[in-house]
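As a plain string of letters, each chain reads:
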Amino acid sequence: SLSAGLDLPGRFLFATLTLMTLIAILVFIEEAVYIYRKIPSSKRSIIIWINAAAPVISTTSCIGMWVPRSTMFTDFTAGIFFAIVIHKFLMMMIKECGGQKVLLRRFENAHFTISTGPCCCCCLCLPRVPITRQTLFWLKLGTFQLAVFRPVLVFLSIVLWTNGNYVLYKLNPKGPALWISCFIGALTLCALWAVGIMFRKVRILLKCKNIIPKFALYQFIVILNQLQTTIINIFATQKIIPCAPPLSSTARGSYIAQQLLIMEMFLITVISRVVYRRKYHDLEPPECVAEEPEDKNQTP
């Protein structure tokens, strides 16, 4: 068994990481109860989904650490869940502005700046797009497509894997793994682009709602779960991470990625509890904001 092959420091490390995962789950459950009691029902489920991202990734990484053969399924589960969280984060920003109708009234004559990351941050010549019901629909579609297509592609990958045609981390141009990974990567970039466009517009308005630290935590999860894991797996595939019998380079790279994720997601879970619990004031209705300068001019 896995525990029998570990020395004393290895067992201590596994026990510590497992304990961190359990604490992260307990912190999330306590936070979910608080959100259910204190947050309005219109925002409740969205905020719980977003707060669940770090504990879920930590849990799947812990399972993959103890059961190495389940790595493919745990990675896919974390990927599907985070695809849904990306869409939920966009919807949270719209909800925090008062909903779609109120957002359209607040930014009635404003424009979206689409020259933003991760897709078009260098394309400064791109035109600004007016904020309308149609452009909001396209932004929501940009995140929703990932939540729909990623589970479909994951199901296809599992079917091919059971038939022996899909090998995780072996990106051969003649195999399906490379093309499925590239397609998922393109869909993910489009979804992150939509969130970036919305955040760039509402970050000043929602500053009182702590949207900047919330977005920073969301970005950390993206970088650590997607970019960090991919880089470590590439290093392992290219033998840059040396093998350590009985672990191969790929297995050792997977262990390193999972153990780092457990520690990082534990910290993000604790910080999220602080950020999402802060008391902040609701935004004033757009009519009050528009009438405020007139009232000031009439005051003697």
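Residues numbered from 1 in each chain as written. Predicted model: local features only at pLDDT ≥ 70, side-chain atom pairs only at ≥ 80, totals over all residues. Heavy atoms only, no water.

## Brief notes about the side chain of Lys-43
You can see Lys-43 is positioned in helix α2 (residues 41-51). Among the polar contacts made by the side chain of Lys-43, one reaches the side chain of Glu-96 at a distance of 3.1 Å. When near neighbours in sequence (up to four residues on either side) are disregarded, Lys-43 contacts Lys-95, Glu-96 and Lys-209. (Helix = DSSP H or I, 4+ residues; strand = E, 2+ residues; numbered from the N terminus. Polar contact = N/O pair within 3.5 Å; in protein donor to acceptor, adjacent residues only side chain to side chain. Contact = heavy atoms within 4.5 Å.)

## A word on empty space enclosed by the protein
In this structure the tally under the stated criterion is 2 cavities of 30 Å³ or more. By volume, the largest cavity is sized at about 70 Å³. Looking at the largest cavity, the residues that line it are Ile-50, Asn-51, Ala-54, Phe-89, Lys-214, Leu-217, Tyr-218, Ile-221, Ile-268, Ser-272 and Tyr-276. Those elements that place two or more of their residues in the lining of the largest cavity are α2, α8 (211-237) and α9 (249-277). Here the lining of the largest cavity takes 4 residues from α8, the largest share from any one element. By residue class, the composition of the lining of the largest cavity is 8 nonpolar, 2 polar and 1 charged. Considered as a void within the structure, the second largest cavity measures approximately 40 Å³ in volume. Going through the elements one at a time, α1 (8-38) and α9 are the ones with two or more residues in the lining of the second largest cavity. For the lining of the second largest cavity, the class distribution of residues is 2 nonpolar, 3 polar and 2 charged. (1 Å grid on protein atoms, 1.4 Å probe; cavity = no way out; pocket = protein on both sides within 12 Å on 5 of 7 lines; lining within 4 Å. Points joined across faces, edges and corners; volume = space filled by probe spheres on them. Nonpolar A, V, L, I, M, F, W, Y, C, P; charged D, E, K, R; others polar.)

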